[in-house]
Amino acid sequence: MRFRRIVEIGLLVLFAGVGTEQVADTATSVGRWMTVTAYCSCSKCCGRHAAGYFASGERAYWGGVAADWHLLPAGTKVEIEGFVGTFQVEDTGRVIKGTRLDIWMPTHREAKEFGCQKLWVAMNCQ
Ligand SMILES: [Zn+2]
């Protein structure tokens, strides 16, 4: 188990090492490529129980994202390639597993237009 942890940390360092220049200036960050999609609070995205709240209990807001809490627990701050500012993990979902990230957007149109992209996601470690 101890060995496995060391290997995992080694991999994270490796991930950071092969990362793009975008994260080169943040020595405290590690990151990875993630499959990023977008959603909104509508019933198409969230089903019949759409209520405009994240799984964390917070009211949905721009800057909140859904992730697999095993990988990125609620409250984790992340930076997403191509976006300004910091996002925070607030939500999760049955299909959000592993290296998946779902960005909450205010309108369904924006979420749909975003589609599905492979983006570099940096996690803030400080
Ligand atoms: Zn929607």
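Residues numbered from 1 in each chain as written. Predicted model: local features only at pLDDT ≥ 70, side-chain atom pairs only at ≥ 80, totals over all residues.

Summing up its helical and strand segments, the protein chain has three helices and six strands in all. N-terminal to C-terminal, the α/β element order of the protein chain is α-β-α-β-β-β-β-α-β. Of the contacts made within the protein chain by residues no fewer than 6 positions apart, 69% connect residues no fewer than 24 positions apart. (Helix = DSSP H or I, 4+ residues; strand = E, 2+ residues; numbered from the N terminus. Contact = placed C-beta atoms within 7 Å.)

Turning our attention to the pairing of strand E4 (residues 87–91). For E4, the buried fraction is high: five of the five residues fall into the buried class. By the bridge criterion, three bridges tie strand E2 (residues 64–67) to E4 in an arrangement that is parallel. Bridging across to E4, Val65 finds its partner in Val89. Direction of pairing for strand E3 (residues 77–80) relative to E4: antiparallel, over a ladder of two bridges. Its bridge partner lying in E4, Val78 is registered against Phe87. The hairpin turn running from E3 into E4, its antiparallel successor, is six residues long, and Gly82 in that turn takes a positive phi close to 90°. (Buried ≥ 20, exposed ≤ 12 C-beta atoms within 10 Å, placed from the backbone. Pairing = 2+ DSSP bridges.)

Here the focus is the nonpolar core. Val65, Ala67, Val78, Leu101, Ile103, Trp104 and Val121 are the most contacted members of the largest nonpolar core, which has 22 residues in total. The set of elements that each furnish at least two residues to this core consists of strand E1 (29–39), E2, E3, E4, strand E5 (100–104) and strand E6 (116–124). No other element matches E1, which puts four residues into this core. Residues in contact with Leu101, not counting those within four places in the same chain, are Met34, Val36, Val65, Ala67 and Val121. (Core = buried A, V, L, I, M, F, W, Y, C linked by C-beta atoms within 7 Å.)

Next up on the list: the environment of Thr92. Residue placement: Thr92 occurs in the loop between E4 and E5. Taking the number of C-beta atoms within 10 Å as the measure of exposure, Thr92 has 22 and is therefore buried. On a C-alpha basis, the gap between Thr92 and Pro73 in space is 9.3 Å, while along the polypeptide they are 19 residues apart. Excluding residues within four positions of it along the chain, Thr92 makes contact with Ala55, Ala66, Ala67, Asp68 and Trp69.

Next up on the list: the confidence of the model for the protein chain. Confidence in the prediction for the protein chain averages 84 pLDDT; 75% of positions are at 70 or higher. Note on residues 9–26: pLDDT is under 50 here. Beyond four places in sequence and across chains, it has 16 contacts. (pLDDT = per-residue confidence, 0-100.)

A few words now on the environment of Ala38. The residue Ala38 is located in strand E1 in this model. On the basis of neighbour count, Ala38 is assigned to the buried category, with 21 C-beta atoms found within 10 Å. Here Ala38 is in contact with Asp102, Ile103, Met105, Glu110, Ala111 and Phe114, once residues within four sequence places are set aside.

Moving on to the environment of Lys112. As for its position among the elements, Lys112 is in helix H3 (residues 108–114). Sequence spacing of Lys112 and Cys40 is 72 residues, and the spatial spacing of their C-alpha atoms is 9.1 Å.

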